[in-house]
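Per-entry structural report
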Amino acid sequence: MSGERQARRAPGPAEIAALLGSPRCGARTRTGAACRAPAVRDKRRCRKHGGGKGSGGQRGNANALQHGAYSADMRAQRRAVMDYVRACNRAMKDWG
Ligand SMILES: [Zn+2]
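Reading the values: rules and limits
- Residues numbered from 1 in each chain as written.
- Predicted model: local features only at pLDDT ≥ 70, side-chain atom pairs only at ≥ 80, totals over all residues.
- Helix = DSSP H or I, 4+ residues; strand = E, 2+ residues; numbered from the N terminus.
- Rg over C-alpha atoms; globule rule 2.2 N^0.38 Å.
- Contact = placed C-beta atoms within 7 Å.
- Domains from an automatic or database assignment.
- Buried ≥ 20, exposed ≤ 12 C-beta atoms within 10 Å, placed from the backbone.

1. A word on the overall build of the protein
- What the protein contains, in helices and strands, is two helices and zero strands.
- For 96 residues, the compact-globule estimate of 2.2 N^0.38 gives 12 Å, and the C-alpha radius of gyration of the protein, at 28 Å, exceeds that figure by more than 25%.
- Look at the contacts in the protein between residues 6 or more apart in sequence, and 7% of them connect residues 24 or more apart.

2. Quick word on unusual backbone geometry
- The backbone of D42 sits at a positive phi, close to 70 degrees, despite the residue not being glycine.
- By the element assignment, D42 lies in the loop between α1 (13-20) and α2 (72-95).

3. Points about the domain arrangement of the protein
- Under the domain assignment used here, the protein contains domain 1 (14-54) and domain 2 (68-96).
- Once you take the C-alpha centre of each, domain 1 and domain 2 turn out to be 54 Å apart.

4. Some words on the environment of G52
- Within the secondary structure, G52 is located in the loop between α1 and α2.
- The exposure class assigned to G52 is partly exposed, which follows from the 16 C-beta atoms found within 10 Å.
- Each C-alpha atom, one on G52 and one on D94, is 65 Å from the other, the two residues being 42 residues apart in sequence.
- Among residues more than four places away in sequence, those in contact with G52 are A27, K43, R44 and R45.

5. Structural notes on the environment of A18
- Of note, A18 is situated in helix α1.
- Here A18 falls in the exposed class, since 11 other C-beta atoms lie within 10 Å of it.
- Along the sequence, A18 and R30 sit 12 residues apart, while their C-alpha atoms lie 28 Å from each other.

In structure tokens, the structure reads:
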């Protein structure tokens, strides 16, 4: 049945050899030694480390985009516009 969880089968000697021969992360750890964890597929660093060539988000990733909508400048601009809108609304109320 699809979606059912299969028990993990122990890897054979050939698979173990392939796993041991896989590219390593190599990032400098806190002890100063190189990280020995396997690198993520198509990347140079393991899942815990970054900074290697090709690591990080996909091209065009905007997860940490700094759009500036909440910068002091933009907030001051919005405040000025809303002050004006409120002044206009007060004027309309007094007028009507
Ligand atoms: Zn690593």
